[in-house]
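Here's the letter readout for the chains.
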Amino acid sequence: MRQTWRWFGPKDQVAIDDVLQAGVEGVVSALHHVPTGTVWQPDEIAKRQREIAVMRGGSPSGLSWEIVESLPVSEDIKRQSGDWRSHLDAWKQSLRHLKTAGIETVCYNFMPVLDWTRTDLAYRLPNGAKCMRFDFFDFAAFDLFILERPGSREDFPDNVVAEAERRYAKMSDDARSALRDNIVCGLPGAAESFSMADVRDHLARYAAIDEDRLRDHMIDFLAEVTPLADELDMRLCCHPDDPPFPLLGLPRIMSTEEHYRKVMNAVELRANGITLCTGSLDARPGNDLPGMIERLGERIHFLHLRNTRRESGDIRGSFHEAEHLGGETDMVAVIAAVLREEKRRKYIGRADISIPFRPDHGHEILDDHMRGAQPGYPAIGRLKGLAELRGIIAALNHPAEVEEAKQ
Ligand code: DNO
């Protein structure tokens, strides 16, 4: 398992020097400033590579940009409207440029309108650590009373509407604005940030797009880009929906094993792959992560390892981000399944034996409270997660353990 770390570029408060001291082997990054739908040009890619390759004082970091997260897929491509053909060409051209620069793994997602979504970016836990949280009732309050989405009332059961109404009535203006901003102003890495009018406009344009149609559009997209990725010996990997259930009346099509299977089977090329994000998928009861790794493992090109604590048993419900070894995901079982997949790859002679992972998100702890890093991406909280994950890997790879597993 290859240890990587997400870096948002020079504005990231966690510098490349810190990343190096965290002991990772590679960097995950993206050109967040390039508008969605346009080509990532070679000079921009090279610039980011240079930024990753040096430490503050100018000495080499020895690190390089190994994974793109994300190459955004435009709303036009998702809807097959407007400029989608030219956006598709731009996406393909970006792949060619990335390959020329030596970057072969590209993560993306196919969530309509919103990328990952939380209602609280700094939820205080009893020990003083802060984490991110999705509160279903607060989200309903946003949908019903801030966005005032037509049809939202029918989307929620009566008890949720009643609780959302009660909460909304008690919220100050500041709390209402904060909730709105948390949801639509673009969390780190999200391609877009929206005004309420933009959101309403986008939603209206999805009116005729149901789950099947969105999936067809995704398959059309993959039918275009995957053969090129395959030819270039690159790996595309789709991140799951986060949270893994429909929001704002929009379809979500990458939330379960069944969803992944449909899309993976539709384009039978290894380059059509998966970013397995444990924290996203485990926010939904019924997702069997070790089983998914067992069954879909040959297509997993990238792993996001983090944990989620569900606060209800419902498919659509509240959750918060747990410590890496806390929460719903059995991280030991997940890592054991990944190591088994790596063994299989070795056995059949695949070149990409070591699957890259990053410690995804982290609690804000200790000096993180002062650093002002991107929400969800603190230095120490992630390092703690990485250290814990590393411990599991080392233990499961220990000769005594491996011997015992054989018996
Ligand atoms: C959040 C991230 C996501 C992810 C994209 C991938 O922390 O995991 O924003 O980068 O969904 O396309």
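Calculation rules
Residues numbered from 1 in each chain as written. Predicted model: local features only at pLDDT ≥ 70, side-chain atom pairs only at ≥ 80, totals over all residues. Heavy atoms only, no water. Salt bridge = Lys/Arg side-chain N within 4 Å of Asp/Glu carboxyl O. Helix = DSSP H or I, 4+ residues; strand = E, 2+ residues; numbered from the N terminus. Buried < 20%, exposed > 50% of the residue type's maximum accessible area, 1.4 Å probe, protein only. Pairing = 2+ DSSP bridges. Axes fitted to C-alpha atoms, helices over the stretch in contact; angles between N-to-C directions. Parallel < 35°, antiparallel > 145°, perpendicular 65-115°, else oblique. Contact = heavy atoms within 4.5 Å. Nonpolar A, V, L, I, M, F, W, Y, C, P; charged D, E, K, R; others polar. Polar contact = N/O pair within 3.5 Å; in protein donor to acceptor, adjacent residues only side chain to side chain. Disulfide = S-S within 2.5 Å.

Caption draft 1: Representation of the pattern of salt bridges within the structure. Scanning the entire structure with this criterion turns up 47 salt bridges. Linking arginine 48 and glutamate 51 is a salt bridge whose minimum nitrogen-to-oxygen distance equals 2.9 Å. Of this pair, arginine 48 and glutamate 51 both sit in helix H2 (residues 42-53), 3 residues apart, roughly one helical turn. One salt bridge connects aspartate 158 with arginine 153, and the closest N-O pair in it is separated by 3.0 Å. Arginine 153 gets classed as partly exposed once you look at its relative accessible area, which sits at 38%.

Caption draft 2: The sheet that holds strand S6 (residues 130-134), seen in detail. Overall, antiparallel pairing links the 4 strands, which are arranged S5-S6-S11-S10 in an open sheet. Each of the sheet's edge strands pairs with one partner strand only, and the pair in question is strand S5 (120-124) and strand S10 (307-310). Each adjacent strand pair in this sheet contributes to an overall mean axis angle of 40°, direction not counted. Where S6 meets strand S11 (residues 319-322), 2 bridges bridge the pair, whose relative direction is antiparallel. In the sheet register, phenylalanine 134 faces S11, and the bridge partner there is phenylalanine 319.

Caption draft 3: Fine view of the packing of helix H5 (residues 136-146) against helix H8 (residues 173-184). The geometry of H5 relative to H8 is characterised by a closest axis approach of 10 Å and an angle of 100° between their N-to-C directions. When the axes of H5 and H8 are compared, the pair comes out roughly perpendicular. Of the residues in H8, those in contact with Asp138, Phe139, Phe142 and Ile146 of H5 are Arg176, Leu179, Arg180, Ile183 and Val184. For the contact of H5 with H8, a count of residues per class yields 6 nonpolar, no polar and 3 charged.

Caption draft 4: Molecular detail of the environment of serine 61. Tracing the sequence through the fold places serine 61 in the loop between H2 and strand S3 (65-69). A relative accessible area of 7% places serine 61 in the buried class. Through-space distance from the C-alpha of serine 61 to that of leucine 303 is 24 Å; in sequence the pair is 242 residues apart. Discounting residues that sit within four places of it in the chain, serine 61 has contacts with Ile16, Leu20, Ile52, Ala53, Val54 and Met55.

Caption draft 5: Highlighting the side chain of aspartate 76. When you line up the elements, aspartate 76 lands in helix H3 (residues 75-79). The class for aspartate 76 is buried, based on a relative accessible area of 14%. A polar atom in the side chain of aspartate 76 sits 3.1 Å from the backbone nitrogen of aspartate 83. With sequence-adjacent residues up to four places away left out, aspartate 76 is seen in contact with Ser81, Gly82, Asp83, Trp84 and His87.

Caption draft 6: Region of interest: the state of the cysteines. As enumerated under the stated definition, the model contains 0 disulfides in all. With no disulfide partner, cysteine 107 has as its closest neighbouring cysteine sulfur the one in cysteine 237, 5.1 Å distant. The structure places no disulfide on cysteine 131, whose sulfur is separated from the nearest cysteine sulfur, that of cysteine 277, by 15 Å. We classify cysteine 131 as buried; its relative accessible area is 1%.

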